[in-house]
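Fold and geometry: a report
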Amino acid sequence: MIVCHCMNISRDDIRRAVDWMRASDPDTLITPGKVYRALGKKADCGGCLPLFIDSMQACDSLQVPAELRRLREAPRQGETG
């Protein structure tokens, strides 16, 4: 399925790019911009972004490194952040 018609990027292209980035650096944060760069392309109109992100989230290897999870949670009383 084509996700980005401007750059002709498919769901499989996104999955392969995410898998490749995760395999090359298990601790990297994977963003849509990094996926575009890994594919040698640039975002154009941005209309595909919701579907692009959905396609990324469907990848099994897309995960936030453990030490970066829960950063948005405020420290509890008595804890330092």
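So, here is what we can say about the structure in this document. Keep in mind the model is a prediction, meaning the values are calculated, not measured.

This part covers the environment of Lys41. Looking at the secondary structure, you find Lys41 in the loop between α2 (32-38) and α3 (49-57). Owing to a relative accessible area of 27%, Lys41 belongs among the partly exposed residues under this scheme. Considered as a pair, Lys41 and Asn8 are 33 residues apart in the sequence and their alpha carbons are 9.5 Å apart. A distance of 2.7 Å separates the side chain of Lys41 from the backbone oxygen of Met7, its partner in a polar contact.

Structurally, Arg22 is set in helix α1 (residues 11-24). Here Arg22 occupies a buried position and makes no salt bridge, while the nearest side chain of opposite charge, Asp25, is found at 6.3 Å. Here Thr28 takes part through its backbone oxygen, which lies 3.0 Å from a polar atom of the side chain of Arg22. Once you skip the residues sitting within four places of it in the chain, Arg22 turns out to touch Asp27, Thr28, Ile30, Ser61, Leu62 and Gln63.

Rules used throughout
Residues take numbers from 1 onward in each chain, read along the sequence in its written order. In keeping with the predicted nature of the model, local features appear solely for residues at pLDDT of at least 70, side-chain atom pairs appear and are counted solely at 80 or more, and the whole-chain, interface and lining totals rest on all residues. To obtain the side-chain values, all non-hydrogen atoms of the structure were included, while hydrogens and water were left out. Helix and strand assignments come from DSSP, with helices taken as H or I runs of at least 4 residues and strands as E runs of at least 2, each series counted from the N terminus. Using a 1.4 Å probe on the protein chains alone, a residue whose accessible area is under 20% of its type maximum counts as buried, one over 50% counts as exposed, and one in between counts as partly exposed. Polar contact is defined as a pair of N or O atoms within 3.5 Å, subject to the rule that within protein one atom must be able to donate a hydrogen and the other to accept it, and that residues adjacent in sequence are counted only when both atoms are side-chain atoms. Positive charges are assigned to Lys and Arg, negative charges to Asp and Glu, while His and the chain termini are left out of the count. Should a side-chain nitrogen of Lys or Arg be within 4 Å of a carboxyl oxygen of Asp or Glu, the pair is scored as a salt bridge. Residue contacts follow a heavy-atom distance rule, with two residues in contact if any of their heavy atoms lie within 4.5 Å.

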